[in-house]
Amino acid sequence: MALLTLSSPHTHGPNRTSRIMLTVALATLPGLAVMTWFFGFGSLINTVLAIITALASEALVLKLRKYPVSFFLKDNTALVTGLLLGLALPPLAPWWITVLATSFAIIFAKQIYGGMGNNPFNPAMVGYALVLISFPVQMTTNWVTSFQVSGSDVAGFTDALSIIFAGASSTADAFTGATPLDQYKYLISKETSDELLQRNTFNGWLNGGWEWVNLAFLAGGLFLMVRRIITWHIPVSMLAALGICSLILGWDEDLYTPLSLHLLSGATMLGAFFIATDPVSASTTPTGKLIYGAGIGILLYVIRTWGAYPDAVAFAVLLMNFAAPFIDAYTQPRSYGHSKPKRGLKPGEKS
Amino acid sequence: MATKSLKDISLDGLWKNNPALVQLLGLCPLLAVTGSVVNALGLGLATMMVLVGSNLSVSLIRNHVSDAVRLPAFVMIIASFVTVAELTMQAFTYELYEVLGIFIPLIVTNCAILGRADAFASKNPILPSVVDGVMMAIGFTVVLVLLGALREVLGQGQIFGNMELLFGPSAADWKIVLVESYPDFLFAILPPGAFVGMGLLIALKNLIDDRIDKAAAAKAAPVEAGSKRVRVTGKIS
């Protein structure tokens, strides 16, 4: 019988980094499952590949920096970075895009800045932006179009494997195309909204797969909120800003992408709940989180509508990452015992 | 200052005080035109011509120009040499001149050149100034070419492409394609890739310096054999 007398503090720590990260990973699983259901095994293969690359790059750099490898690998942050990248990349992206994006994310965006907790930018989005800028063609045409979605001829496991690893483009062309956001943006100048929505990519409301993917990520995000891993501020302000912009500026569906497509297509929900809420690179004060989220929402709308890229979660998040330290400095809450909060820096004062 | 030997001057230019890696001067052309080896080499050679000429001239007039007007005088000299370099390139390597475009005239504003004129040539006799100019320019060009090679390999999967722009038609087959049907890696071709590549080169230099320092320290103070005492500072006699 072992009766240990433990001294205080009697904390039980369910929210260690590794646990939080594992919960985040768990919360993405519905989204991953829905993506696999609608878009075939590509997402799953790329996600696994991204996770393996992330862990391998992390281990390599830790080894070079003479840090304990297994201790830092067990905090699961590299796992989540790989997972988020795998989910963000097109399902049938060739393997080298996944490997390049993930290793760049871990080595350059995370470890060069000092490793876990020191990166000013969201590593997954740095990796994503790298490959999006470098390989625009591969990144925008390797999405699975949804005309196969309702039938059984989504790319099967071996099809997906051969497309991703062997670059079997002749078979890939049958499955792939642009995302609904992309199509709507470039075709709306030629067709009316009603005509456009008849196209295969859209396939009617709630049939296209994208809505279900986003709803699944929304469910995962709500789970994270219930578990108090993330707070409501960033997702709510981001989605609200996106919605308000869309209602005020883009109310005409024959000119601009409609609100339903903004909210439930592309990476909106994944971005709102899993990417913008990154605890390291996001703003941390309650007011700051609201400003940060709203900034992402506005940038998302602006880049999607008037920018050159069809989706903009990565750019919006990275741009607001730049602003996060500044926002934090000016939104400090009042601390107990002080009548006024201390905000910003006086001239000549060091942070 | 005048006591510096020619060997030290050369070592400074090539390594210890390398204009690109240590002084971080002239970064604008360095980052903008190093998309390929031929561009980098072309700009490096033009810079070398200007730098050697300006160091020589500045050293010649160093006792005749008052301090108050020295910078305008130096800039005039540099601008003249840049014009010479520009006209030379137009005459002999017109296509390369077209490719490099505005960055040839912009050599005037390359702070590495004005920096060497003011910091070295205006205080030293002719021979050390010329040696300094040559070595600084070689140091600059080597970094340019390394960065160009890195970006050409990563960006286009080839190296030594388009060398005929600089070396005549016989150089057209110098191109080595490393990877067939390489998808252009735009990040390496665009300036952001130059920043990352530059950072990696500086890191590599610091790593080598670190190794050299450690080796030197180990050589200078060999571990005393036979001493078993710990917590003793300094030498045990």
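Values in this document were obtained by computation on a predicted structure and should not be read as measured data.

Draft legend 1. Main features of the UniProt feature "modified residue: FMN phosphoryl threonine" (unreviewed entry) in chain A. Residue and element names in this part refer to chain A. When the UniProt feature table is mapped onto this chain numbering, "modified residue: FMN phosphoryl threonine" (unreviewed entry) sits at Thr179. Mapping threonine 179 onto the fold places it in the loop between β2 (176-177) and α10 (180-187). For threonine 179, a count of 23 C-beta atoms within 10 Å gives the class buried.

Draft legend 2. Structural detail: the domain arrangement of chain A. All names here are of chain A. Examined at the domain level, chain A breaks down into domain 1 (17-177) and domain 2 (187-330). The element contributing the most residues to the side of domain 1 that touches domain 2 is helix α1 (residues 17-39), with eleven residues. Taken together, the residues of the side of domain 1 that touches domain 2 sort by class into 21 nonpolar, eleven polar and no charged.

Draft legend 3. A look at the interface of chain A and chain B. Facing the five residues of chain A at the interface are four residues of chain B. With three residues, helix α6 (residues 123-134) of chain A is the single largest residue contributor to the side of chain A that touches chain B. Across the side of chain A that touches chain B, the residue classes tally to three nonpolar, two polar and no charged.

Draft legend 4. Examining the UniProt feature "transmembrane region" (unreviewed entry) in chain B more closely. Per the UniProt record, "transmembrane region" (unreviewed entry) is found at residues 20-52, 73-93, 99-117, 129-150 and 185-204 of chain B. As annotated, residues 20-52 of chain B comprises 67% helix and 0% strand, and the C-alpha atoms at either end are separated by 17 Å.

Draft legend 5. Structural detail: the nonpolar core. In this structure, A:Met125, A:Tyr128 and A:Val317 are the most contacted members of the largest nonpolar core, which totals 94 residues. For this core, the domains that each give at least three residues are domain 1 (17-177) and domain 2 (187-330) of chain A. B:Met89, B:Leu96, B:Ile104 and B:Phe140 belong to the second-largest nonpolar core, a separate cluster that totals 44 residues.

The rules behind each value
Residues numbered from 1 in each chain as written. Chains lettered and ligands numbered in written order. Predicted model: local features only at pLDDT ≥ 70, side-chain atom pairs only at ≥ 80, totals over all residues. UniProt positions renumbered as here; feature names shortened; annotations may be inferred. Helix = DSSP H or I, 4+ residues; strand = E, 2+ residues; numbered from the N terminus. Buried ≥ 20, exposed ≤ 12 C-beta atoms within 10 Å, placed from the backbone. Domains from an automatic or database assignment. Nonpolar A, V, L, I, M, F, W, Y, C, P; charged D, E, K, R; others polar. Contact = placed C-beta atoms within 7 Å. Core = buried A, V, L, I, M, F, W, Y, C linked by C-beta atoms within 7 Å.

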